[in-house]
Each structure stands twice: as structure tokens, then as C-alpha cells.
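Chain by chain, the residues:
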Amino acid sequence: MVIGILEDDKILARNLANLLKKEGYIVKVLEDYQNIIQEILNQNLDILLLDINLPYYNGFEICKKIKESLSIPILFVTSSSTAEDEMKSIQVGGLDFITKPYDKTILLEKIKRALKLSDPINFRNITKKGYTLDLHLSLLKYQNQEIELTRNEFRILYYFFINSNRMISKEELLDKLWNDKYYLDDNILAVNINRLRKKAKEIGISDFLSNVKKEGYHL
């Protein structure tokens, strides 16, 4: 799981990052405040820990903007303790509101809870990089357009969506889908990847399922 930290106090950010790394999480400390929206969108995060008082944009503005493109859980971790700020964090899409100084055990438990609640199995849709996969209707959606996927295409694309932060090799795809009692070989995989790219292009998505040094693919 990849956790993003947006905290302008560098000492607090470093300490929090170290705590999370010890728990086995991959941590991205975000610091490009002037271009922070794009930086968050580029990181393929599973969850974002967000302060309120930040340079250029406040946490409420950032949360609202990110929620327009991503469905990741956002936890406000802030020195603010006012009911007004807590209410505003909910209104802009925050999942939880944690006041500094926080109890480490409670913070870790809230992160685990947020990740569990955001597990794709509990949702109708998964959204990554602005693309949405409808888990019930087998549709790929982008900017108010959608296209239907075959069973083969859906299963392959679902695996990419739940592993969107890394490159996936052909061997891994074949192994995972084979172990799931679903027959697939190199030729069938290549045909389905090409069909997925073509369908994505039809609804305005470019650079979909990019090749990575001829070793595999990346969403």
C-alpha cells in the first residue's frame, strides 16, 4: 500500500514517514506545493494524509480537487481542533479528521480502517488515474464516456487497476489468471491488451497500458 503525506513541517513528515515504513507501507512525502494537485495525481496513492494549513493551497482545496479525479481515502491530520474545520473536512470529502499531536496507535488503526473501507471489493467502481472501472457492469469509463468490456478484458483490466502503482509482467498476468482457473496464453493476452487499448482510445484515453521496456505493462 502506498501512503502519501502532505505535511509542511519537515520533522513531523519525516517522523510520520518512518513510523509508516516500519509498518510495511510504501511512503511518498509530497513537497511540490506549487504543483501539488498534479503531484498527487501522478503518485498512484492508496491513501493521503493531509494537513490543512499548507503553502499555495489549503488542505480543503486540495481534498476537493483530488476527489474530482480519484476515489482514494483522505485523512486530515492537523493541529486544528475546531468543529468548523472538522465539518469542512467532511464536506470536501475527507474520510477522517485526526488532531495533532496524535496517538500513534490510534493513527495506525485509522489508516488500516481507511484502507479496508477503500478496498475495491467493497465498491461498485475503482478509479485510477482518472479512469473508472465499473465492477458490476464491466464498463470502462472516462470523462462521461463509457465502453463495455468482455469477460476476458475485464479480468485483465481489473488486475491492472488493483496494481496500478507498478509494472506488471506478462508472466505475472499469465500466472495470476491461470491460478484463478482462467485459461490464458501469450497470444490471447496480446489480443486482449490490444483490444483494451483500442476501446480506451474510443472513449478518449491515450497511452493506455503502456509497454515497459518490453518486459510488461503499466496502467
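Described below are features of the structure shown in this document. The shown structure was predicted, so the numbers you read here are calculated from the model rather than taken from an experiment.

**Re empty space enclosed by the protein**
Applying the stated criterion to the full structure yields two cavities of 30 Å³ or more. Around the largest cavity sit I5, L6, E7, L12, A13, L16, L49, L50, D51, V77, K100 and Y102, which together line it. Of all the elements, helix α1 (residues 10–22) adds the most residues to the lining of the largest cavity, at three residues. When grouped by side-chain class, the residues that make up the lining of the largest cavity number nine nonpolar, no polar and three charged. Estimated volume of the second largest cavity: approximately 60 Å³. In terms of lining, the second largest cavity is formed by I40, L41, N44, L45, L70, I72, T127, K128 and K129. For the lining of the second largest cavity, the secondary-structure elements that each account for two or more residues are α2 (36–42) and β6 (125–128). Its residues assigned to classes, the lining of the second largest cavity shows five nonpolar, two polar and two charged.

**Comments concerning the pattern of salt bridges**
Inspection of the entire model under this criterion finds seven salt bridges. Salt-bridge contacts for K100 lead to E7; the nearest nitrogen and oxygen are separated by 2.7 Å. On the criterion of sequence distance, the pair formed by K100 in the loop between β5 (96–99) and α5 (104–117) and E7 in the loop between β1 (2–6) and α1 is long-range, its members being 93 residues apart. Pair check on accessibility: K100 and E7 agree, each one buried. D46 is the salt-bridge partner of K128, the closest N and O atoms lying 3.8 Å from each other. Of this pair, K128 sits in strand β6 while D46 sits in the loop between α2 and β3 (47–50), placing them 82 residues apart in sequence. Overlapping salt bridges, with partners in common, bring together E7, D51 and K100 in one network.

**A short note on the pairing of strand β2 (residues 26–29)**
By the bridge criterion, four bridges tie β1 to β2 in an arrangement that is parallel. What sits directly across from V2, in β2, is I26.

**What to know about unusual backbone geometry**
At the junction of K100 and P101, the peptide bond is cis and its omega measures out at -5° in the coordinates. Checked against the element boundaries, P101 lands in the loop between β5 and α5. With a phi angle near 70°, Y56 is a residue other than glycine that sits in the positive phi range. Of note, Y56 is situated in the loop between β3 and α3 (59–67). At N144, a position not held by glycine, the phi torsion is positive, near 65°. Of note, N144 is situated in the loop between β8 (139–142) and β9 (145–148).

**Comments concerning the environment of L41**
Mapping L41 onto the fold places it in helix α2. With 88 residues separating them along the chain, L41 and K129 place their C-alpha atoms 6.7 Å apart. Residues in contact with L41, not counting those within four places in the same chain, are I66, S69 and L70.

Parameters at a glance
- Residues numbered from 1 in each chain as written.
- Predicted model: local features only at pLDDT ≥ 70, side-chain atom pairs only at ≥ 80, totals over all residues.
- Heavy atoms only, no water.
- 1 Å grid on protein atoms, 1.4 Å probe; cavity = no way out; pocket = protein on both sides within 12 Å on 5 of 7 lines; lining within 4 Å.
- Points joined across faces, edges and corners; volume = space filled by probe spheres on them.
- Helix = DSSP H or I, 4+ residues; strand = E, 2+ residues; numbered from the N terminus.
- Nonpolar A, V, L, I, M, F, W, Y, C, P; charged D, E, K, R; others polar.
- Salt bridge = Lys/Arg side-chain N within 4 Å of Asp/Glu carboxyl O.
- Buried < 20%, exposed > 50% of the residue type's maximum accessible area, 1.4 Å probe, protein only.
- Pairing = 2+ DSSP bridges.
- Contact = heavy atoms within 4.5 Å.

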